[in-house]
Amino acid sequence: MDAALNRLRWQCRRGMLELDLLLTAYFDARGASWSLAEREQFARLLDYDDTELWALLNGQTQSGDVGEQGLVERVRAQSPVRGSEVSISYPRGTS
Amino acid sequence: MNIPVRKYDAVIVGAGGAGLRAAIQLSESGLSTAVLTKVFPTRSHTVAAQGGVAASLGNSEEDHWHWHMYDTVKGSDWLGDQDAIEFMCRRANEVVVELEHYGMPFDRTDEGKIYQRPFGGHMSHFGEKPVRRSCAAADRTGHAMLHAMYQRNVRANTQFLVEWMALDLLRDRDGRVVGVTAMEMESGELFVLHAKAVLLATGGAGRVFYSSTNAFINTGDGLGMAARAGIPLEDMEFWQFHPTGVAGAGVLITEGVRGEGGILRNASGERFMERYAPNAKDLASRDVVSRAMVTEIKEGRGCGTNKDYVLLDITHLDPKTIMMRLPGIREISIQFAGVDPIKDPIPVVPTAHYMMGGIPTNFRGEVVMPVNGVDQPVPGLYAAGECACASVHGANRLGTNSLLDLLVFGKSSGESTVEYIRKEVRAHPDLPHEAIELSRARLARLDAQRDGARVHDVREKLQRTMQDHCGVFRFADMLKQGVSKILDVEKDVASTEISDKSRVFNTARLEALELDNLVEVAKASLVSADGRKESRGAHVRDDAVDSPQCPNGRNDAEWLKHSLWYRDGNRLEYKPVQLQPLSVDTIELKKRAY
Ligand SMILES: Cc1cc2nc3c(=O)[nH]c(=O)nc-3n(C[C@H](O)[C@H](O)[C@H](O)COP(=O)(O)OP(=O)(O)OC[C@H]3O[C@@H](n4cnc5c(N)ncnc54)[C@H](O)[C@@H]3O)c2cc1C
């Protein structure tokens, strides 16, 4: 990956797990094929504070910018775990 | 190779609540202070805290620090040090009011005082009845705290090194800490940050578990740095599990959902909490609910193909109530569990949430380690926040006491650092070159590694080991196996390979370096958990029987002591719990019941 894309990948790391999961899943699925404009738009989204970004991504608020709201919707649609089989193991079935 | 050196009076690693609070103390006293952080300060994990910060202000009803102290000691299952607990509870009002002066937008009462709300475990009159003690700024307490303190630091000229990762402590032959090595992500270059003192505030390490409520950055870096520098880690067997993390993703579903009427059900739809806590039912304390859930799963009454989760049901609530009072939860459930809770129950499991153990400190925030059986400060090293163990949370943390811990011990560790720099160090001590070499060698190894293990695979193996062997319920043989598995994982960690060797913001390299820290935390946790043959606080050992001498399997005669794990030799030592508070009488041992 090139340096600019690498930087965006790191900046998907946030203070809230919800954001880590959503942003990383979206980045991993799409990042490599972005145009320059798409990268810049994603970078601007990452500039939001965690609480604002979470409000956008959980649908509590809407961005006034149509293009940005479109990106928000795409991130929301790329849900990281939706439909996948839950698998957490615990020790033993008995005792 | 020439490694660039930068000089400061003090270096703080971490810009969450604890690091920012400590930095205010240092910068405002005129010392040149650098604060390193992996992410922008206000994106530190403290931002996730919503519940509030505890202080017995007594704004809504009568309250007293002594009652708060009692609740904290009891919450800790008597493993907390009573001197540190008294110190924290007594200083709570002062630090909360200071925060208000820094511009923290606390919720207000009609008279304009800080509004306080109830929270599990907060009681008045020594455990008699619930009291409103939590101070909050809507559901953005942590966020508001970070902003207020970040601004204050900017005003005080704190120098932030943002997107820098500290790698190792520089500790000289005399045991003094004189700086850190760190990598600037933007250039990928290694630096030496030379300082008169270092303060660690790197936060928690929840990412050692497969399922955790913690953000990805919580990899216990400060603990790894301390362990590699020969400093023991304290009480690492104690992890708090939040009962309702979304199965698989770990995202936290707040207690508020059960407050609104949410019910936990097993595979046959039974409201099982009625059997475990007939009065409080689904609203019983965190550890009681977590234990009940794991018992259901382990006895085969879990849900899903693998019978490995239970359900949190709110389908009986009016959809309007859900939309109005719990909108965020509906969204979380749709996003991270793939179910709409209006129609279907949410799959949940007890999920690793908070690390009670950490780098051993006293209430002054000095890192201490025993020398001939007596705790002595490690010169030049301080720690505060979730990475530190003061120890105020003992075997189980009381809700909202963590944010308080950040403020109180952030401040006291800052004060101690200022005093040390002013009184004990005239000039920067010489740099220990062998310590610098350690970091250089770690990076060189990673660059040169061939046919090694993939970071992602090794990390997952580590997380699965902790998840399966070091959860709420613990079994002697499973712990033994866990210890041997983690020693295998350690071998893989030593040979991780990254395919992307680029310099700038190389996440793969950063994650490999984080894994070096995660493995120290995991070893410390498993070895300490294997060592402790009793149940206490957040965890239950299957072989610790409940008897009048050992209520709930807690064995004070043998185990009322702190564990200290040393990396060197992978061995344990123990030290006594400080039962003597600073000014009041000891809170005597009792069975912990709510
Ligand atoms: C979902 C959730 C909700 C919570 N709610 C509450 C609550 O309501 N009340 C409460 O009291 N507690 C709560 N807690 C616990 C509390 O939020 C944390 O214990 C606390 O915020 C930790 O703060 P800290 O300052 O120690 O670390 P953090 O805020 O995690 O900050 C750590 C800092 O260290 C930096 N760092 C780490 N490693 C390195 C490195 N190698 N180099 C450079 N920088 C580094 C990071 O970038 C970051 O700036 C909650 C926890 C979770 C998970």
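In this report, the structure presented in the accompanying data block is examined. (Residues numbered from 1 in each chain as written. Chains lettered and ligands numbered in written order. Predicted model: local features only at pLDDT ≥ 70, side-chain atom pairs only at ≥ 80, totals over all residues. Heavy atoms only, no water.)

Looking at the sheet that holds strand β26 (residues 571-576) of chain B
Residue and element names in this part refer to chain B. Keep this limit in mind: DSSP bridges decide pairing: two strands pair if at least two such bridges lie between them. Strands are runs of DSSP state E lasting at least 2 residues, helices are runs of H or I lasting at least 4, and numbering of each runs from the N terminus. Residue contacts follow a heavy-atom distance rule, with two residues in contact if any of their heavy atoms lie within 4.5 Å. Structural elements are reduced to axes, namely lines fitted to C-alpha atoms, with helices fitted over the stretch in contact, and the angle between N-to-C directions of any two is expressed from 0 to 180 degrees.
Taken in spatial order, the 3 strands of this open sheet run β12-β25-β26, and their pairing is antiparallel. Whereas interior strands pair on both sides, the edge strands pair on one side only; in this sheet they are β12 (233-234) and β26. One ladder, built from 6 bridges, connects strand β25 (residues 561-566) with β26; its direction is antiparallel. Within β26, the residue paired with His-562 across the bridge is Lys-575. Packed on one face of the sheet, helix α15 (residues 507-531) meets β12, β25 and β26 and runs near 135° to β25.

Quick notes on the interface of chain A and chain B
Defined as follows: When two parts are put together, the accessible area they lose, computed with a 1.4 Å probe and summed over both, is reported as buried area. Just to be clear on terms, a salt bridge is a Lys or Arg side-chain nitrogen sitting within 4 Å of an Asp or Glu carboxyl oxygen. N or O atoms closer than or at 3.5 Å make up a polar contact, with two conditions inside protein: a donor-capable atom paired with an acceptor-capable one, and, for residues adjacent in sequence, both atoms drawn from side chains. Each residue gets one label: Ala, Val, Leu, Ile, Met, Phe, Trp, Tyr, Cys and Pro are nonpolar, Asp, Glu, Lys and Arg are charged, and the others, such as Gly, are polar.
Every contact between the two is made by 44 residues of chain A and, on the other side, 64 residues of chain B. For the pair chain A and chain B, the two sides together bury roughly 4,600 Å², of which 53% comes from carbon and sulfur. Put simply, A:Arg7 and B:Glu186 hold a salt bridge, and the shortest N to O gap is 3.3 Å. Counting every contact that joins chain A to chain B gives 15 residue pairs in polar contact (both at pLDDT 80 or more). At the level of elements, α1 (3-11), α2 (17-30) and α4 (50-57) of chain A are the ones that each hand at least two residues to the side of chain A that touches chain B. Of the residues in the side of chain A that touches chain B, the class split is 18 nonpolar, 13 polar and 13 charged.

Here we look at the site of the ligand
Residue and element names in this part refer to chain B. The condition that has to hold: Near, as used in this document, describes a residue that has one of its heavy atoms within 4 Å of the molecule or strand being considered.
Near the ligand lie 39 residues; those nearest to it are Ser-44, Thr-46, Gly-51, Glu-386 and Leu-403. Measuring from an oxygen atom of the ligand, one finds a backbone N or O atom of Ala-201 at 3.4 Å. One of the side-chain N or O atoms of Arg-397 is found 3.1 Å from a nitrogen atom in the ligand. If you list the elements that add at least two residues to the shell around the ligand, you get α1 (17-28), β3 (33-37), β8 (164-171), β16 (346-355) and α11 (401-424). Within the shell around the ligand, the residues separate by chemical class into 15 nonpolar, 20 polar and 4 charged.

Considering the pattern of salt bridges
Side chains that differ in sign of charge can pair as their charged atoms come close. All names here are of chain B. Rules: Burial classification: accessible surface area is computed with a 1.4 Å probe over protein chains only, and a residue below 20% of its type maximum counts as buried, one above 50% as exposed, and the rest as partly exposed.
The full count for this structure, using the stated rule, is 62 salt bridges over all chains. Note that Asp-168 is salt-bridged to Arg-442, the shortest N-O span being 2.9 Å. Of this pair, Asp-168 sits in strand β8 while Arg-442 sits in helix α12 (residues 433-448); the two residues are 274 residues apart in sequence, bridging distant segments of the chain. For the residue pair Asp-168 and Arg-442, the accessibility class agrees, reading buried in each case. The shortest N-O distance in the salt bridge between Lys-523 and Glu-490 comes to 2.6 Å. Note that Lys-523 is positioned in helix α15 and Glu-490 in helix α14 (residues 476-493), a separation of 33 residues in sequence. Note on Lys-523: relative accessible area 3%, which makes it buried. Note on Glu-490: relative accessible area 26%, which makes it partly exposed.

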